[in-house]
Amino acid sequence: MSETGDSEADGGEAPVRKVIHVDMDAFYASVEQRDDPALRGKPVAVGGSSRRGVVAAASYEARKFGVRSAMPSITAKRQCPELIFVPPRFEAYRAISHQIRAIFHDYADDVEPLSLDEAYLDVTRDKAGLGSATATARLIRQRIRAETGLTASAGVSYNKFIAKLASDQNKPDGMTVIPPGKGAAFVQTLSIRRFHGIGPVTAAKMEGLGIFSGADLAAQDRAWLAAHFGNSAEWLYNLARGVDHRRVRSNRPLKSLGGERTFFNDLVSDTEIREALAHVCTVVWDRAAKKGARGRTVTLKLRYADFRTITRAKSVAAPIADGAALLAAGEAILAPLLPVEQGIRLLGVTLSKFEGEEEESDTAAAPADLLSLL
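Just so we're clear, the structure is a prediction, and the values are computed from it rather than from any experiment.

> Before we move on, could you go through the pairing of strand 5 (residues 110–115) and cite the residues and values that matter?
Pairing analysis gives five bridges linking strand 5 to strand 6 (residues 118–122), with the strands arranged antiparallel. From the neighbouring strand, aspartate 110 faces strand 6, where its bridge partner is aspartate 122. The hairpin formed by strand 5 and strand 6 contains two residues between the paired strands.

The structure is reproduced here in structure tokens:
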């Protein structure tokens, strides 16, 4: 276990928050390797092995070959011929996730899950009387290993943004502590592609402007950032300085999640458009299953070659049960739009109206949790 900056400061006048981000190591794949000894030490991918399949998770042995989540299975197999595909068992992952969250609540009242395999904990109040956030994170990791047979990495800091970055610093099975006063220096050593909240499209734009690291971002003033990034300027300005005022929220309602893919060559034929829809639906369903989210409304987004964009939505009586049902709903929306008069440059799918949510209009707003598949 590697740690850095293992001291904790009191900060200025206001009490410093203490936040832990816990992230399970290759969660799905690790569960499969735990439950099947024959898979241990071998490159494993959780997901479908068909031509349209997508990798939901990869073991660390597979990651050495460049295999990663959301990668088409055919590409993963090409990069790692010895790759072993295992079908996902989301009920098993969900049960283990509940077990881990029960551990979290022994040490924190405010726990904000991001998915089945990661969560923020606010341990400003020393609920277990352990004396420090560092000691708390250490004990949580020990309990996870003892009670589930799995490993977790943790980041400990004074806000959510830095805690999440820190949890990724010494993976797998590591812990990094970034105390107050050292957050900005830590952030500025990192590539902007490590920044949570900066996606591939924004990162590419930044690199085109000469911003490759947190230090490059910190060198820009608010006016320059506003000119290039609009309403995100203040947020980016703060991130580069290790500032994040968001609180850990125990009840974080998910309104929608989705994925979209921009194509280098416009799609024209019905066949290639349907294949693209199948790929995006597979990734969206994997994300929905990972979050334990079951929605009733599917929204299709198409952007044509002339940049005209349309959205069409369909609601069903019962929550979408699996990836096949999601694809069927998407196909039903797409069918009346075919054939297309001009090429499709972007296709997106969004799932919303989750279980327990109030009934709303079928007209879909911009999704709050959208993954670019570019």
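> Please provide a residue-by-residue account of the packing of aromatic side chains, values included.
Counted under the stated rule, the structure contains seven aromatic pairs. With 5.8 Å between their ring centres and 90° between their planes, phenylalanine 90 and tyrosine 93 make a pair best called edge-to-face. On the criterion of helical spacing, the pair formed by phenylalanine 90 and tyrosine 93 is a turn pair, its members being three residues apart in helix 4 (residues 90–105). For the pair phenylalanine 90 and tyrosine 93, one class covers both residues: buried. Plain terms: the ring middles of tryptophan 224 and phenylalanine 229 are 6.4 Å apart, the flat faces sit at 55° to each other, and that makes the pair tilted. Taking relative accessible area as the criterion, tryptophan 224 reaches 23% and is therefore assigned partly exposed.

> An account of the packing of helix 4 against helix 5 (residues 133–148) is requested, with residue identities and associated values reported.
Closest axis-to-axis distance for the helix 4/helix 5 pair is 10 Å, and the angle between their directions is 145°. The hand of the helix 4/helix 5 crossing is right-handed. Together, Ile96, Gln99, Ile100, Ile103 and Phe104 of helix 4 and Ile140, Arg143, Ile144, Glu147 and Thr148 of helix 5 make up the contact between the two elements.

> Could you give an account of the sheet that holds strand 8 (residues 175–177), naming the residues involved and the relevant values?
Across the sheet, five strands lie side by side as 5-6-1-7-8; this open sheet has mixed pairing. Each edge of the open sheet is held by one strand with a lone partner, namely strand 5 and strand 8. Mean inter-strand twist for the sheet, computed between neighbouring axes without regard to direction, equals 15°. Together, strand 1 (19–24), strand 5 and strand 6 form the strand contacts of helix 4, whose direction differs from that of strand 5 by roughly 155°.

Conventions we followed
- Residues numbered from 1 in each chain as written.
- Predicted model: local features only at pLDDT ≥ 70, side-chain atom pairs only at ≥ 80, totals over all residues.
- Heavy atoms only, no water.
- Pairing = 2+ DSSP bridges.
- Helix = DSSP H or I, 4+ residues; strand = E, 2+ residues; numbered from the N terminus.
- Phe/Tyr/Trp six-rings, centres within 6.5 Å; stacked < 30°, edge-to-face > 60°.
- Buried < 20%, exposed > 50% of the residue type's maximum accessible area, 1.4 Å probe, protein only.
- Axes fitted to C-alpha atoms, helices over the stretch in contact; angles between N-to-C directions.
- Left-handed = near helix turned anticlockwise from the far one by under 90°.
- Contact = heavy atoms within 4.5 Å.

It is worth stressing that arrangement in space is one thing and function is another; only the former is reported here.
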